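Next come the chains, spelled out residue by residue.
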Amino acid sequence: MKGTFNPDLMAERIESLKAGIISALSFSVVFILASIFNQFLLKEYFIELYSSSIITFNWHWLISAGIAGFSGFLFGATYRYIIREDKNPHLKEGSVLAFGLARGLAEIDIGLNFSDSVFPLTVLASESITGFAIAAFTLDWAIKFGWVKPFVGTRE
């Protein structure tokens, strides 16, 4: 409890909150654009997804959008701690793939209950990876311009 009110620790938490918000916003924008693209342009090619109501614009979609935003927030807060001040591209790529595959494979797992076709579900999974990649790019950009400070580790 003693370390909870440490000013350095509170500053790090605020930076993580900023990273989470930036990531949530960027991931949500990707989710909304991908949903619109799927709804209006890919609907005729992936009828399995739409006949089983996996992707529709209703309250289910709003819940999915909320989950996407929360996933983006968690990614942003975690990504800041993963990359620290390192210049290792494998950390960045690995974190994007870890989050993207976890979300994407869950979509495939649930989607297989509604459809026998895997290909349209892989489109959804690739959207998750793309969304996290764009969120990572946005966070890297925010760190570069000083909107978010990189995590430097403990100073003790």
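Our structure is the block above this text.
Given the structure is predicted, the values throughout are model-derived calculations rather than measurements.

What counts and what doesn't
- Residues numbered from 1 in each chain as written.
- Predicted model: local features only at pLDDT ≥ 70, side-chain atom pairs only at ≥ 80, totals over all residues.
- Heavy atoms only, no water.
- Helix = DSSP H or I, 4+ residues; strand = E, 2+ residues; numbered from the N terminus.
- Expected span 1.5 Å × (residues − 1).
- Buried < 20%, exposed > 50% of the residue type's maximum accessible area, 1.4 Å probe, protein only.
- Contact = heavy atoms within 4.5 Å.
- Salt bridge = Lys/Arg side-chain N within 4 Å of Asp/Glu carboxyl O.
- Patch = residues over 30% accessible without salt bridge, like charges linked within 9 Å, V, L, I, M, F, W, Y side chains within 5 Å.
- Areas by Shrake-Rupley, 256 points an atom, 1.4 Å probe, with all protein chains shown as cover.

S.K.: Can you break down helix α3 (residues 59-83) residue by residue, with the values?
M.R.: With 25 residues, α3 should reach 36 Å at 1.5 Å per residue; the first-to-last C-alpha distance of 36 Å fits that figure. All buried positions along α3 are accounted for by W61, A65, A68, G69, S71, G72, F75, G76, A77, Y79, R80 and I83. Looking at the packing, one finds that the buried side of α3 touches α1 (7-40), α4 (89-111) and α5 (119-144). With its phi angle positive at about 45°, R84 sits one or two positions after the end of α3.

S.K.: An account of the pattern of salt bridges is requested, with residue identities and associated values reported.
M.R.: A complete count under the given rule lists 4 salt bridges for this structure. Between K92 and D140 there is a salt bridge whose closest N-O contact spans 3.7 Å. Of this pair, K92 sits in helix α4 while D140 sits in helix α5, and the two are 48 residues apart along the sequence. Exposure remark for D140: the relative accessible area of 23% places this residue in the partly exposed category. Salt-bridge contacts for E107 lead to R103; the nearest nitrogen and oxygen are separated by 3.9 Å. Of the two residues, E107 and R103 both sit in helix α4, 4 residues apart, roughly one turn of that helix. Accessibility expressed as a relative area gives 22% for E107, which makes it partly exposed.

S.K.: Any chance you could break down a nonpolar patch on the surface for me, citing the residues and the numbers?
M.R.: A contiguous nonpolar patch, built from W59, L62, I63 and I67 and spanning about 440 Å² of accessible area, is present on the exposed surface. Considering the arrangement of structural elements, one finds L62 in helix α3. Given the relative accessible area of 54%, L62 is considered exposed.

S.K.: Before we move on, can you summarise the environment of N38 with the specific residues and values?
M.R.: The topology assignment puts N38 in helix α1. Taking the C-alpha atoms as reference points, N38 and L124, separated by 86 residues in sequence, lie 9.3 Å from one another.

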